[in-house]
Amino acid sequence: KLQVACLVISRISAFSLYPVMIAVFLSKCRATTSFLSKSHLSVYLMQDNHELHEYAGRYIAIDVWIHTFFHLLRWGLQGNIQLLWTHKTGLSGLIVVAVTPIITVLMISDKCKRRIKYEIRKGLHYLFYAFAVGMCFHAPTSGIPNGGFIAPVLGFCIALYTLDALYVYVFMTEKIDTTIFHVLPSGVEMTMAVSESFQKRMNKGGIAYVCLPWVSKTQWHAFSLFEDPRNNRKKQVFMLKTGDWTTAVHDALQRKTVRPMWISGPFISPFNAAVLYDNQILVASGIGITPALSVINAHKELRRVNLIWACRDAAMLEFYIEHMIVNSDGWNLIFYTGKDSLDPAVDGMNTNVCILKGRPDLEAVIPNIIYGIESGEGLPEKYLESEREQVKSRLADKLLELEGRDDMRRSQKRLELNEVAQSQGYRLENHQTVLQQREGSKVVQKMKGSIYGNLANPLKEWKSDSESCGNSNNLFGPDNKCVVDTMNQSKHRNLINLRISLMLESGFKPWEHQIPASEFVSSLGKASVLNTWGVLYCGGSKPVEATLRRALRCISSISKEYQINLNTESFAW
């Protein structure tokens with residue numbers, strides 16, 4: 001009975017390997033999956049092939065040992081343990097068991113990733129050929145239909161994978177004669193003009209493998225592609241200086257060069273799933289911004305794309321702020337976690353592009369964005385610079401109107417002006433508080449000594465030589481008289497616009513806690529509303545770091561809680 005039980009477990013573990021081994025090979029047939037992504041079959045395929053590949057690898061790593069243990073136990077009970085080295089089933093199984101940990105554990109274990117170079121682990125990963133050949137000889141085909149399917153099944157998989165890899169190498173790989181490199185302290189941005197065939201295979205985004213033969217002729221590394229905002233026919237990648245190869249590239253580029261490179265691709269990435277959603281929330285950490293930029297560029301006209309980007313590199317942040325094209329219909333929240341000071345021109349932005357100090361509270365920010373857009377309380381297009389200018393103009397008109405009202409008290413005027421601001425989605429902060437907060441900024445420094453006068457007490461400049469408009473109910477106090485006559489109208493209007501600019505704050509801030517947000521989002525129907533929302537996450541090149549793991553866990557929990565679809569992109573391998 002024990003022998004029969006061992007045989008049953010061994011057979012179950014063997015047959016369960018069939019779909020998993022098919023998945024582990026097909027998930028890495030890059031040309032095949034790229035072709036299938038353009039067919040109707042794509043609706044049945046996973047968007048993240050690497051996630052499927054890793055899951056299948058983990059399953060194989062465990063299942064092989066279960067299968068081996070119960071076979072050895074059965075042979076031991078029978079007294080046939082010598083079959084392990086005298087029969088081809090035992091010998092082929094011995095080869096498979098020996099190479100499986102090398103193939104799987106080195107690519108899965110975080111400790112191995114930290115201690116062993118990627119190139120070594122990648123090279124040893126090719127032992128899967130020994131694994132496949134061993135499996136083909138493990139069970140005789142004479143056992144069909146009761147067994148023995150492994151040889152034709154795995155033989156087909158390894159042949160398809162090999163032909164696919166050859167096709168990619170011959171037909172999907174091209175040389176870039178001239179590459180433009182932009183070197184930053186933390187990494188390198190590469191801009192290249194690709195061929196028309198490259199563009200046709202995938203016009204926007206995707207993943208490409210890059211080889212720089214003047215650094216290493218044998219190493220190919222994967223990077224997210226995004227489009228040059230000035231010329232969509234040119235592709236860009238950003239490599240962060242994190243490992244031996246990227247550091248060598250960064251060091252080699254300290255001297256200006258335009259030497260050639262080789263690029264293979266493009267291939268689909270999880271961020272290509274953005275097309276499935278009308279409303280997108282792109283969450284990025286560090287260099288994870290690159291696939292997000294491609295999505296924004298591809299969908300900014302017809303979809304609402306929101307960005308949450310946490311970055312600690314000031315140079316990288318300023319570089320991408322200068323070059324990125326943002327979506328006017330989406331929130332663009334950039335959380336700076338670094339210690340270096342930002343350029344004041346970047347730091348002082350206050351539109352639907354918001355730069356904030358500190359880490360994002362994703363459990364608050366994601367529901368807040370959905371709440372603000374679905375309820376209409378926090379539509380990001382209200383806070384564009386063009387819309388902001390219109391609001392300032394309307395408030396300035398209202399302020400001038402109120403200054404001429406002698407029948408209203410000052411508090412009444414302030415209340416009415418605030419009501420007008422709130423109806424436009426903004427609020428007016430206390431002017432003295434704003435001046436104290438911004439006293440050291442370039443904006444305030446530039447205004448000092450100009451025609452606007454001393455901003456430490458700017459409204460004193462509103463005094464007129466005329467005595468006809470003195471009024472203790474003046475909106476900003478009895479000592480700040482304002483006469484809007486023909487000679488002074490332009491100067492006074494400029495002063496009013498300046499004050500409103502300093503005091504105007506957005507009424508809805510998705511990075512702050514919004515009381516009804518969670519309840520509101522939870523009440524939305526999945527089929528009718530939440531299915532139109534998708535969260536896409538890219539955590540950079542080293543998500544083994546605790547902060548990125550916490551971010552991914554946080555997003556996953558949010559996705560499950562609100563039943564929102566989640567797609568992740570990672571080059572953790």
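None of these values were measured; they are calculated from a predicted model.

### A few points about the overall build of the protein chain
So, step 1. Tallying secondary structure elements over the protein chain gives 22 helices and 16 strands in all.
So, step 2. Burial status across the protein chain gives 47% buried among its 573 residues.
So, step 3. Restricting to contacts in the protein chain with at least 6 residues of sequence separation, those with at least 24 account for 72%.
So, step 4. Here the protein chain displays about 27,900 Å² of accessible surface, and carbon together with sulfur accounts for 57% of that area.

### Remarks on the sheet that holds strand E10 (residues 304-311)
So, step 1. Within the open sheet, the six strands sit side by side as E12-E11-E10-E9-E15-E16. Their pairing is parallel. Since the sheet does not close on itself, it has two edges, and those belong to strand E12 (353-357) and strand E16 (565-569), each with one partner. When strand polarity is set aside, the average angle formed by the axes of neighbouring strands in this sheet is 15 degrees.
So, step 2. Against the sheet, helix H12 (residues 289-299) contacts strand E9 (279-285), E10, strand E11 (332-336), strand E15 (533-538) and E16, and its axis sits at roughly 160 degrees relative to E10.
So, step 3. Where helix H15 (residues 362-375) meets the sheet, its contacts fall on E9, E10, E11 and E15, and the angle it forms with E10 comes to roughly 160 degrees.

### Side note on the packing of helix H8 (residues 128-136) against helix H9 (residues 150-171)
Angle between the axes and distance between the axes: these two values describe a pair of packed helices.
So, step 1. Packing of H8 against H9 brings their axes to within 8 Å, and their N-to-C directions diverge by 155 degrees. With respect to each other, H8 and H9 are oriented roughly antiparallel. Two packed elements cross with a definite hand, and for H8 against H9 that hand is left-handed. Every residue of H9 that contacts H8 at Phe128, Tyr129, Ala132, Met135 and Cys136 is listed here: Ile150, Ala151, Leu154, Gly155, Ile158, Tyr161 and Thr162.
So, step 2. Here the contact of H8 with H9 is composed, by residue class, of ten nonpolar, two polar and no charged.

### A word on the UniProt feature "transmembrane region" (unreviewed entry) in the protein chain
So, step 1. Taking the UniProt record as the reference, the feature "transmembrane region" (unreviewed entry) is found at residues 89-108, 124-143 and 149-172.
So, step 2. Summarising residues 89-108: 100% helix, 0% strand, and an end-to-end C-alpha distance of 28 Å.
So, step 3. Helix and strand shares over residues 149-172 are 92% and 0% respectively, and the end C-alpha atoms of the span are 33 Å apart.

### Things to note about a nonpolar patch on the surface
So, step 1. On the surface, Leu2, Phe69, Leu73 and Leu77 cluster together into a nonpolar patch covering about 370 Å² of accessible area.
So, step 2. Among the elements that take part in the nonpolar patch, helix H3 (residues 49-78) stands out by supplying three residues, more than any other.
So, step 3. Structurally, Phe69 can be placed in helix H3.

### Digging into the packing of aromatic side chains
So, step 1. Within the structure shown, the criterion is met by 17 aromatic pairs.
So, step 2. Here the aromatic rings of Phe15 and Tyr18 are separated by 5.7 Å at their centres, their planes lie at 35 degrees, and the arrangement is tilted. Placement of the pair is Phe15 and Tyr18 together in helix H1 (residues 2-26), with a separation of three residues, close to one helical turn.
So, step 3. Taking relative accessible area as the criterion, Tyr18 reaches 15% and is therefore assigned buried.
So, step 4. Look at Phe69 and Phe70: their rings are 5.1 Å apart centre to centre, the planes differ by 85 degrees, and that puts the pair in the edge-to-face class.
So, step 5. Of the aromatic side chains, those joined through ring pairs into one cluster are Phe25, Tyr126, Phe128, Tyr129 and Tyr161.
So, step 6. For Arg30, the ring lying beneath its charged end belongs to Tyr209, and the centroid distance is 4.5 Å.

### Some details on the pairing of strand E7 (residues 231-240)
Here is the key point about a regular strand: its side chains alternate between the two faces of the sheet.
So, step 1. Across seven bridges, strand E3 (residues 187-193) lies against E7 in antiparallel orientation. Directly across from Val188, in E7, lies its bridge partner Met239.
So, step 2. Pairing of strand E6 (residues 226-228) with E7 involves three bridges; the strand directions are antiparallel. By the bridge assignment for E7, Phe226 is matched with Gln236.
So, step 3. Between E6 and E7, which pair antiparallel in sequence order, lie two residues.

### Regarding the state of the cysteines
So, step 1. All told, the structure shown has zero disulfides when counted by the stated rule.
So, step 2. In this structure Cys136 is a free cysteine whose sulfur lies 9.2 Å from that of Cys157, the closest cysteine sulfur available.

### Focus on unusual backbone geometry
So, step 1. The omega angle of the peptide bond from Gly265 to Pro266 is -5 degrees, so this bond is cis rather than trans.
So, step 2. When you line up the elements, Pro266 lands in strand E8 (residues 261-267).

Here is what the cut-offs are and how they apply
Residues numbered from 1 in each chain as written. Predicted model: local features only at pLDDT ≥ 70, side-chain atom pairs only at ≥ 80, totals over all residues. Heavy atoms only, no water. Helix = DSSP H or I, 4+ residues; strand = E, 2+ residues; numbered from the N terminus. Buried < 20%, exposed > 50% of the residue type's maximum accessible area, 1.4 Å probe, protein only. Contact = heavy atoms within 4.5 Å. Areas by Shrake-Rupley, 256 points an atom, 1.4 Å probe, with all protein chains shown as cover. Pairing = 2+ DSSP bridges. Axes fitted to C-alpha atoms, helices over the stretch in contact; angles between N-to-C directions. Parallel < 35°, antiparallel > 145°, perpendicular 65-115°, else oblique. Left-handed = near helix turned anticlockwise from the far one by under 90°. Nonpolar A, V, L, I, M, F, W, Y, C, P; charged D, E, K, R; others polar. UniProt positions renumbered as here; feature names shortened; annotations may be inferred. Patch = residues over 30% accessible without salt bridge, like charges linked within 9 Å, V, L, I, M, F, W, Y side chains within 5 Å. Salt bridge = Lys/Arg side-chain N within 4 Å of Asp/Glu carboxyl O. Phe/Tyr/Trp six-rings, centres within 6.5 Å; stacked < 30°, edge-to-face > 60°. Lys NZ or Arg CZ within 6 Å of the ring centre and 35° of its normal. Disulfide = S-S within 2.5 Å.

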